[in-house]
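The residues making up each chain are set out below.
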2 protein chains.
Amino acid sequence: MEIQAVTMILIKTMNKSLLSFVGIFFVFLVTAQDGSSLWLGYSILENETERAAYAESLQFISFSDSTERMQLASKELQKGLQGLLGNSPHEKKKLPNQKGMYGVQLQLDEDLTLSKEGFEIEYTPQGTTIKAKKDLGILYGVYAFLREMQLRKPEPFTVVDQPKVKIRMLNHWDNANGTVERGYAGSSIWKWFELPYRLDPRYEDYARANAALGINGVTLNNVNASSRFLTSEYLEKIKALADVFRPYGIQIYISVNFRSPKTLGGLATSDPLDPAVRKWWKDKTREIHQYIPDFGGFLVKANSEGEPGPQDYGRTHKDGANMLADALQGYEGIVIWRAFVYKADPNGDRFKEAYKQFKPLDGTFDPKVIVQVKNGPIDFMPREPFHPLFGALPNTPLAMEFQITQEYLGQATHWVYLGGMYQECLRSDTYAKGPGSSVAKVIDGSLFEHEISLMAGVANTGSDANWTGHPMGQSNWYAFGRLAWNPEMDAATIAKEWVVQSLSRKEEAVSTLTDLMMSSHATYVKYTYPLGLHHMMGEGHHYGPQPWLDKSGRPDWTSVYYHRASASGIGFDRTGNYSDALDLYHPEVQENWKDPQSCSLDYLLWFHHLPWDFKLNTGNTLWDELITRYYEGVAEVEQMSTRWESVQAQIPSPIYENIRGRLKIQAKEALWWRDACTLYFKEFSQLPIPEGLTPPSRTLEEVKKLEAIYHLR
Amino acid sequence: MEIQAVTMILIKTMNKSLLSFVGIFFVFLVTAQDGSSLWLGYSILENETERAAYAESLQFISFSDSTERMQLASKELQKGLQGLLGNSPHEKKKLPNQKGMYGVQLQLDEDLTLSKEGFEIEYTPQGTTIKAKKDLGILYGVYAFLREMQLRKPEPFTVVDQPKVKIRMLNHWDNANGTVERGYAGSSIWKWFELPYRLDPRYEDYARANAALGINGVTLNNVNASSRFLTSEYLEKIKALADVFRPYGIQIYISVNFRSPKTLGGLATSDPLDPAVRKWWKDKTREIHQYIPDFGGFLVKANSEGEPGPQDYGRTHKDGANMLADALQGYEGIVIWRAFVYKADPNGDRFKEAYKQFKPLDGTFDPKVIVQVKNGPIDFMPREPFHPLFGALPNTPLAMEFQITQEYLGQATHWVYLGGMYQECLRSDTYAKGPGSSVAKVIDGSLFEHEISLMAGVANTGSDANWTGHPMGQSNWYAFGRLAWNPEMDAATIAKEWVVQSLSRKEEAVSTLTDLMMSSHATYVKYTYPLGLHHMMGEGHHYGPQPWLDKSGRPDWTSVYYHRASASGIGFDRTGNYSDALDLYHPEVQENWKDPQSCSLDYLLWFHHLPWDFKLNTGNTLWDELITRYYEGVAEVEQMSTRWESVQAQIPSPIYENIRGRLKIQAKEALWWRDACTLYFKEFSQLPIPEGLTPPSRTLEEVKKLEAIYHLR
């Protein structure tokens, strides 16, 4: 909830007839300080001179065309200015764009050499223009202008910008029953039982927050999809959401269950080559468009982790995807087919599975199909090498799937800013067309010249007042959105943008918080998965450490499958000596990782199984380095707390207290990870905790019990 | 979130040295109007004269003793007065209690003839005293005073009150994973992953709202209990909540899993007579008290719906309950043992099960045990006859368990005020000791002179900003709390109290809304379960109608088990001709229901299986009456909408819109119930829809598909 800034003046009557002036108190009741307004808080600019300068130059808003979205853009600008500059009114007038007008002109201009979502901002103290070819560009320009106002001084500036990726999308893993798979911020923000008749005001808040980042697509439901969402009852509900989102330029996508022709249509099969099945999807697609004419398309998780798919009928991913593409012929929508597939082979290497299945299909997909690939080859581990499919399918557009929700990254109790991790992946060079063939260029379609391009983030939103549980989770939603717009943006710049708009504009706070954010991911990796360890979390719940997990529904759901610790050493050998997953990369990429002596320590155990006493270039043995990193991680969390406390005065108090509490939990749990992993690996290495470090004060058995709690009924 | 009322006066300086008065604008920024402040909104009293009169008489607050809770009471009074009267300061001074003091005196007085939670309020325009024996009485008195201020005029009044029931408790069916069993207002309000270090500010909001009603006990977790809550990790979290609640007089109870000695303690058995098991519970109880010295006790669902219990080891409920009571010897806490037990017998009558198992145990329980009985014999059906156990166990204290969450009452999309339903049950006469032996007197312990007395409500709270999903759900929490304090209160009075404090003080709105609330339950029953039908909801999800459900995990989970519709008629014969459940009641009670000619129509099919053409005293046949009621129910929902719209101007707009949307859903779903049930029963009766009523425009098959949606994966 947003409260307007109010100037309150207290007057005391000394006697009934005379007013005597006693004192003036300025009380700024700014935005509710619980984080609910995200990056749209628009708290008042503290510097009075700058505020006055802006106020003088921004006395009115005019717009060239009265489309619904132009009016929305003007309304958004008014809201923002009202917050930033105080309670000043902003009239709208239809005025020509000219210097000396002391106002803002929102202007459509077909002649601009920009894409349909691009915009051009020119601010001078005498007047401001925001131009775009289309009204969505104007809306994006307005949000950008409000952002720039908070980052700059009231001095002339020009910004010309347009998105590099066509579809910038959130994937919600939200279930029909209101739960969120891997959600840590309360229940789903979609109130299915209230739709279509009651529209929660948060739907519009959500749309605004996304539009401010340029996010233009939303898949509403979990990829482990219920057919329920394709019934007319639910399409009516989805339509209601689409109508709220449309003015903000956001299109709706639906995750579909491949078995729907059977479950919903009563057909005998869901074989994608069966004519009745193809007809069923065509009819269903037509029906969807009656509700949502600008329907975005289908997202499909098929033949993955038990979900149905074309392979159930002896067909391929291509057959399944192309059938859905066929149903979408004549419409705008696309098919997003996930590449997250793997099979339960104790002697295999899950790292290679998606590549094996999709590489041979390159070039066989319908032009309406895009294949969505997770950033790394396993599953959103805290640090993964980029997925070997990036760069490997020149004839197939590939979408990036990042995870914003922190399934393996401390969920809602650990502060981990993901901007740097996303950036590392996007900047990785695939060498697919020689040096400079970054993952970003694969994703934005430029490397292989694809029409469609897409970046998806698995949302971390929920019903909590602050949307993301951990207040810092907001920064990951923000960073995802900004990188989807421009995958080459700098993570630290994004962090700073977020802090300034969401937390504090005080210089010291901005610098401390940006620092803290940028180092937070490395800290998390140190106390959980140092040196390239991966996949050792508690079974099922994925919370806390369980490196000892050696039995599960499938071998590649255990921990021992990945770390392979034994008396002889630790790590997964992915060189030619064992799985040879390294071979899936271009030779230049292999070069980075193939030699354990020169391999980046961040990826060492991703690719090598090494003896405990292996000598690293740090001068330490592998064992000493591993344990030292665990200890460093824990110490760094303590430092985070201290640094956080140093900015207390510059942060809204509810958010300060909220994060202070969470940092205490993080400290406790960092210790949990450290003790669990060091005690467990010590059983194999039989080596002492390195000198200078205090050994854990508890036993391995005691630590094991902590994880076991989460399996108690 | 709550915003203080602010009086804003705008001043314009005409030149630098002179203040010229231009105008005064009163801007009342009242409580956030989304319902988040429940009945503690304290929006400003609209009548200026009354406000001034109150302000004059309430110029300061003084208190006789400086206990933590006295200070809290004073703080609560300040908050309330600040809201009701505007931004007026209220100093605290230590002053003697005297007329002419123009202030409030909070005064402990050991000599009062009141229970330790009772209070005495004396308000005069010249001065106010709130007296109590204990500081908790003072706190209750403060909340009562603030309530009375909103209900009365500033004229002298005296209120002397004390609770009739000793333990007034919410039962949360909240799970460790954050979901809420039968919860329809988002996720759990307990953030287990954040505790003990981060305390959500809502914990205190929750405590205040409960204390204002006199609720003094909370069971935090689901009766289908996880052992997790008895680990030291979780006891530390629970302690943090207990510390927040303690100043508000609220004690914490834990639902326990009877198998805990095995799962947590590693014992070979959980047999309640096994010495090692008994020792385990003793040790665990001691450990709990190290965290929570004023621990309230254990709530147990045993040998019910698959939960473990003493019968697993050939023991009885008495053995189980008394073992836990033994573990609590020397401590204040008690054992609450649920009587909700029944077995899967297709030829039996679930109605009789609890009675059968518990009647023989009367008098065998430890004095620390209280048996908690649901209001009716089946399971929180929209309308049930009172449970036959009430009055049948003179030697065992019995607790009432009402359901506040609307599992079978439209969940969060139907407006159903439950005050009248609770009242009907509490006022039912058991005749256990002759006329006047009401259920209320069984519950408050007076009828059979028991030390312990308890009323529990299954909470409807969740993470939604307004706590209860449907804004009207708040009134059910409120009504439960007031009736737990005094089971003889009047439901309409309570409704009015709630409206005045939570929604509107405008006379027309108060009267319309109280009316709407009071008729809402009867309306719901008409379009779902008229004439005493019961248990025909959708399987598992319990949403919408499924009278055709004839197969389930057990026979007594189907619908046909209960309505027994056939060509020959409908209803469950519970007279001597079939199950004879009626015989469990005192003869005077049987008299009410045993003759189908004189049986109240509200309970007709609870006790009788009657032919479709059975002639009722309304002049209609059973069939015509049944169908007519379904149609009337639907029409009444339309009227609710119209009446709701009539008070639009007098209701905070977000709440108005919220409920308007939900009423549309309710209208749609009332039609769903009507069509489902009339079309289905028509298959048996083979009779036409009565003249003057338009037959459903859809087929039974079409309606069946609507419920089937909720089973789609």
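Residues numbered from 1 in each chain as written. Chains lettered and ligands numbered in written order. Predicted model: local features only at pLDDT ≥ 70, side-chain atom pairs only at ≥ 80, totals over all residues.

Asks: Explain the overall build of chain A to me, please; I cannot follow it from the model alone.
Replies: Looking only at helices and strands, chain A has 20 helices and 16 strands in total. On C-alpha atoms alone, chain A measures out to a radius of gyration of 27 Å, which is about the 27 Å that the 2.2 N^0.38 rule sets for 713 residues. Its C-alpha atoms give chain A principal-axis dimensions of about 90 × 70 × 55 Å. Looking at chain A as a whole, 54% of its 713 residues are labelled buried. Within chain A, contacts between residues at least 6 apart in sequence are counted, and of these 70% link residues at least 24 apart. (Helix = DSSP H or I, 4+ residues; strand = E, 2+ residues; numbered from the N terminus. Rg over C-alpha atoms; globule rule 2.2 N^0.38 Å. Buried ≥ 20, exposed ≤ 12 C-beta atoms within 10 Å, placed from the backbone. Contact = placed C-beta atoms within 7 Å.)

Asks: How should the confidence of the model for chain A be read in this particular structure?
Replies: If pLDDT is low for a region, its predicted coordinates should not be looked at in detail. Residue and element names in this part refer to chain A. Per-residue pLDDT for chain A averages 94, and the proportion of residues at 70 or more is 94%. Low pLDDT, under 50, characterises residues 1–31; the predicted model gives this stretch 52 contacts beyond four residues in sequence or across chains. With pTM at 0.95, the complex prediction returns an ipTM value of 0.94. (pLDDT = per-residue confidence, 0-100.)

Asks: I tried to follow the pairing of strand β16 (residues 454–458) of chain B on my own but got confused; where do I start?
Replies: Each regular strand shows side chains that alternate between the opposite faces of the sheet. Residue and element names in this part refer to chain B. Most of β16 sits inside the fold, with five of its five residues counted as buried. Of the two faces of β16, both are covered, the one formed by Leu454, Ala456 and Val458 as well as the one formed by Met455 and Gly457. Bridge analysis of strand β9 (residues 167–171) against β16 gives five bridges, and the strand direction is parallel. Bridge pairing in β16 links Met169 to Ala456. Pairing between strand β15 (residues 398–403) and β16: four bridges, direction parallel. (Pairing = 2+ DSSP bridges.)

Asks: I would appreciate a short explanation of the domain arrangement of chain A in the present structure.
Replies: Where interface size is quoted, it is often the accessible area lost as the parts come together. All names here are of chain A. What the domain assignment lists for chain A is domain 1 (3–98 + 134–152), domain 2 (167–502) and domain 3 (526–712). Each side of the interface is counted separately: domain 2 has 28 residues, and domain 3 has 30 residues. Class assignment for the residues of the side of domain 2 that touches domain 3 results in 16 nonpolar, seven polar and five charged. (Domains from an automatic or database assignment. Nonpolar A, V, L, I, M, F, W, Y, C, P; charged D, E, K, R; others polar.)

Asks: Got a minute to help me understand the sheet that holds strand β10 (residues 217–219) of chain B in this structure?
Replies: Paired through backbone hydrogen bonds, the strands of a sheet run either parallel or antiparallel to each other. All names here are of chain B. Ordered in space as β9-β10-β11-β12-β13-β14-β15-β16, the eight strands form a closed barrel in which the pairing is parallel. Averaged over all pairs of adjacent strands, the angle between strand axes in this sheet comes to 25°, irrespective of strand direction. Sheet strands touched by helix α5 (residues 232–245): β10 and β11 (251–256). Its angle to β11, the strand with the most contacts, is close to 150°. Helix-sheet contacts for helix α8 (residues 317–327) involve β12 (297–300), β13 (334–338) and β14 (369–374), and the interaxial angle to β13 is about 160°. (Axes fitted to C-alpha atoms, helices over the stretch in contact; angles between N-to-C directions.)

Asks: Help me out: how do you make sense of the sheet that holds strand β16 (residues 454–458) of chain A in this one?
Replies: All names here are of chain A. Strand order in the closed barrel formed by eight strands is β9-β10-β11-β12-β13-β14-β15-β16, with parallel pairing between adjacent strands. Within the sheet, the average angular offset between the axes of one strand and its neighbour, ignoring direction, is 25°. Where strand β9 (residues 167–171) lies against strand β10 (residues 217–219), three bridges are found, and the strand directions are parallel. Bridge pairing in β10 links Leu170 to Val218.

Asks: Honestly, the packing of helix α12 (residues 473–485) of chain B against helix α13 (residues 491–502) of chain B in this entry has me stumped. Any pointers?
Replies: The relative placement of two packed helices comes down to the angle between their axes together with the axis-to-axis distance. All names here are of chain B. Closest axis-to-axis distance for the α12/α13 pair is 10 Å, and the angle between their directions is 125°. In terms of orientation, α12 lies oblique with respect to α13. Where α12 crosses over α13, the handedness of that crossing is right-handed. Of the residues in α13, those touching α12 at Gln474, Ser475, Tyr478, Ala479 and Arg482 are Ala491, Ile494, Ala495, Trp498 and Ser502. Looking at the contact of α12 with α13 residue by residue, the classes come out as six nonpolar, three polar and one charged. (Parallel < 35°, antiparallel > 145°, perpendicular 65-115°, else oblique. Left-handed = near helix turned anticlockwise from the far one by under 90°.)

Asks: Sorry if this is basic, but what is going on with helix α3 (residues 135–151) of chain A here?
Replies: Given 3.6 residues per helical turn, the α-helix brings residues three or four places apart onto the same face. All names here are of chain A. When the terminal C-alpha atoms of α3 are compared, their 24 Å separation across 17 residues agrees well with the 24 Å that a helix rising 1.5 Å per residue should span. For α3, a buried count of twelve out of 17 residues is recorded, marking the element as mostly surrounded by other parts of the structure. Turning to α3, its buried residues are Asp135, Leu136, Gly137, Ile138, Leu139, Tyr140, Gly141, Val142, Tyr143, Phe145, Leu146 and Met149. For α3, the secondary structure elements touched by its buried residues are α1 (48–57), α2 (68–85), β5 (104–108), β6 (119–124), β7 (127–132) and α4 (201–211). (Expected span 1.5 Å × (residues − 1).)

Asks: I tried to follow unusual backbone geometry on my own but got confused; where do I start?
Replies: Negative phi values dominate among residues other than glycine, just as trans dominates among peptide bonds. Residues and elements named next belong to chain A. A cis amide bond, omega 0°, links Leu195 with the succeeding residue Pro196. Positive phi, normally seen in glycine, also occurs at Leu38, with a value near 55°. Overall, Leu38 belongs to the buried group, with 22 C-beta atoms counted inside 10 Å.

Asks: Whenever I open this one, the environment of Leu516 of chain B confuses me. Can you help?
Replies: Residue and element names in this part refer to chain B. Tracing the chain through its elements places Leu516 in helix α14 (residues 507–528). Looking at Leu516, the number of C-beta atoms within 10 Å reads 20, which means it is buried. Spatially, the C-alpha atoms of Leu516 and Trp415 are 9.3 Å apart, while their sequence positions differ by 101 residues. Residues in contact with Leu516, not counting those within four places in the same chain, are Met640 and Arg643.

Asks: Any chance you could explain the pairing of β13 of chain B here in plain terms?
Replies: Residues and elements named next belong to chain B. Counting buried positions along β13 yields five of five residues, so the element is predominantly enclosed. The two faces of β13 match: Ile334, Ile336 and Arg338 on one face and Val335 and Trp337 on the other face are all buried. Crossover β12 to β13 through α8 is right-handed. Where β13 lies against β14, four bridges are found, and the strand directions are parallel. In the sheet register, Val335 faces β14, and the bridge partner there is Val369. (Right-handed = clockwise from strand over helix to strand, strands pointing away.)

Asks: Would you take a moment to explain helix α14 (residues 507–528) of chain A for this structure?
Replies: A rise of 1.5 Å per residue sets the reference length of α14 of chain A, with its 22 residues, at 32 Å; its end C-alpha atoms lie 32 Å apart and thus fit the reference within 8%. The sharpest bend along α14 of chain A comes to roughly 35°, located at Ser520 of chain A. (Bend = angle between axes of the 7 residues up to and from the residue.)

Asks: Help me out: how do you make sense of the environment of Ala52 of chain B in this one?
Replies: Residue and element names in this part refer to chain B. Among the structural elements, Ala52 can be located in helix α1 (residues 48–57). For Ala52, a count of 14 C-beta atoms within 10 Å gives the class partly exposed. Placed 102 residues apart in sequence, Ala52 and Pro154 show a C-alpha to C-alpha distance of 9.5 Å.

Asks: Please explain the packing of helix α2 (residues 68–85) of chain B against helix α3 (residues 135–151) of chain B as it appears in this structure.
Replies: All names here are of chain B. Packing of α2 against α3 brings their axes to within 8 Å, and their N-to-C directions diverge by 10°. By the criterion of interaxial angle, the relationship of α2 to α3 is roughly parallel. Contacts from Arg69, Met70, Leu72, Ala73, Glu76, Leu77, Gly80 and Leu84 in α2 reach Asp135, Leu136, Ile138, Leu139, Val142, Tyr143, Leu146 and Met149 in α3. When grouped by side-chain class, the residues that make up the contact of α2 with α3 number twelve nonpolar, one polar and three charged.

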